[in-house]
Amino acid sequence: WLVAIDNAVFWRGAWAALQSETLRGATAAAALLVVLWLSLGMVLRLLFWRWTAKPLASGLLLVAALAASFIDAYGIVSDRGMIRNVVQTDWREMTDLLAPALLWGVAWRGLLPLALVWWVLIQRPGWRRSGLAMAGQAAVTALSLTIALG
């Protein structure tokens, strides 16, 4: 969800930049998707543990939904300066930005997957099985990065 849906502007730009109408460009776009998905999965696997998984996923989904909605609505790029501006904005300035389209974007991008996160029962494997799964994912991620970059 985070890689595909919340980064729609990125994917439109990447699709155009990679000349995706050719087989080589489409393959590069697919490889980029797989590498980003595996890399994000690896980082999240390291952060999400028994008691942290659902709260961290909730916060990440809501922040990503808000950022993606702003990017789509205003055509901005989130960088260090933009984050500084967000932190320094007071509530009066913020209320001017809360348009219905922005609220709708946050609702379907953030609240929909958030409901799914809290509805789904997460299986908690033992340490050994979890460690093996993490090692396997790390190997597949490393292999995918090597193939994509090489």
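All values reported here derive from a predicted model rather than from experimental measurement.

**Student:** Explain the overall build of the chain here, please?
**Tutor:** The helix and strand inventory of the chain stands at 7 helices and 0 strands. The order of α-helices and β-strands along the chain, N terminus first, is α-α-α-α-α-α-α. Overall, the chain is about 50 × 45 × 25 Å in size when its C-alpha atoms are taken along their principal axes. Per-residue burial for the chain yields a buried fraction of 23% across its 150 residues. Taking as baseline every contact in the chain between residues at least 6 positions apart, the subset at least 24 positions apart corresponds to 76%. Total accessible area computed for the chain in this model is approximately 10,800 Å², and 71% of it derives from carbon and sulfur atoms. Considering the chain, the positive charge centre built from 12 side chains and the negative charge centre built from 7 side chains are found 20 Å apart.

**Student:** Mind showing me how you'd approach the nonpolar core here?
**Tutor:** Soluble globular proteins tend to bury their nonpolar side chains together. In terms of nonpolar packing, the biggest core is built from 5 residues, these being Leu-2, Ala-57, Leu-61, Ala-64 and Val-117. In terms of residues, this core owes the most to one element, helix H3 (residues 53-74), which gives 3 residues. Non-local contacts of Leu-61, meaning those with residues more than four positions away in its chain, are made with Trp-1, Leu-2, Asp-6, Gly-110, Pro-113, Leu-114 and Val-117.

**Student:** Looking at this model, I keep getting lost on the environment of Phe-10. Mind explaining?
**Tutor:** Mapped onto the secondary structure, Phe-10 falls in helix H1 (residues 8-17). Not counting chain neighbours up to four residues away, the residues in contact with Phe-10 comprise Leu-32 and Leu-36.

**Student:** Please explain the packing of H3 against helix H6 (residues 100-119) as it appears in this structure.
**Tutor:** The geometry of a pair of packed helices is captured by two quantities: the angle between their axes and the separation between those axes. Between H3 and H6, the shortest axis-to-axis distance is 8 Å and the interhelical angle comes to 160 degrees. Judged by the inter-axis angle, H3 sits roughly antiparallel to H6. Where H3 crosses over H6, the two elements pack in a sense that is right-handed. Contacts between H3 and H6 involve Lys-54, Pro-55, Ala-57, Ser-58, Leu-61, Leu-62, Ala-65, Leu-66, Ala-68, Ser-69, Phe-70 and Asp-72 from the former and Leu-102, Gly-105, Val-106, Arg-109, Gly-110, Leu-111, Pro-113, Leu-114, Val-117 and Trp-118 from the latter. Across the contact of H3 with H6, the residue classes tally to 15 nonpolar, 4 polar and 3 charged.

**Student:** Sorry, what's going on with the side chain of Ser-58 here?
**Tutor:** Looking at where Ser-58 falls in the secondary structure, it is placed in helix H3. Given a relative accessible area of 10%, Ser-58 falls into the buried group. A polar contact of 2.7 Å, which involves the side chain of Ser-58, links it to the backbone oxygen of Lys-54. With sequence-adjacent residues up to four places away left out, Ser-58 is seen in contact with Leu-114 and Trp-118.

Thresholds applied
- Residues numbered from 1 in each chain as written.
- Predicted model: local features only at pLDDT ≥ 70, side-chain atom pairs only at ≥ 80, totals over all residues.
- Heavy atoms only, no water.
- Helix = DSSP H or I, 4+ residues; strand = E, 2+ residues; numbered from the N terminus.
- Buried < 20%, exposed > 50% of the residue type's maximum accessible area, 1.4 Å probe, protein only.
- Contact = heavy atoms within 4.5 Å.
- Areas by Shrake-Rupley, 256 points an atom, 1.4 Å probe, with all protein chains shown as cover.
- Lys, Arg positive; Asp, Glu negative; His and termini not counted.
- Charge placed at Lys NZ, Arg CZ, Asp CG, Glu CD.
- Core = buried A, V, L, I, M, F, W, Y, C linked by side-chain atoms within 4.5 Å.
- Axes fitted to C-alpha atoms, helices over the stretch in contact; angles between N-to-C directions.
- Parallel < 35°, antiparallel > 145°, perpendicular 65-115°, else oblique.
- Left-handed = near helix turned anticlockwise from the far one by under 90°.
- Nonpolar A, V, L, I, M, F, W, Y, C, P; charged D, E, K, R; others polar.
- Polar contact = N/O pair within 3.5 Å; in protein donor to acceptor, adjacent residues only side chain to side chain.

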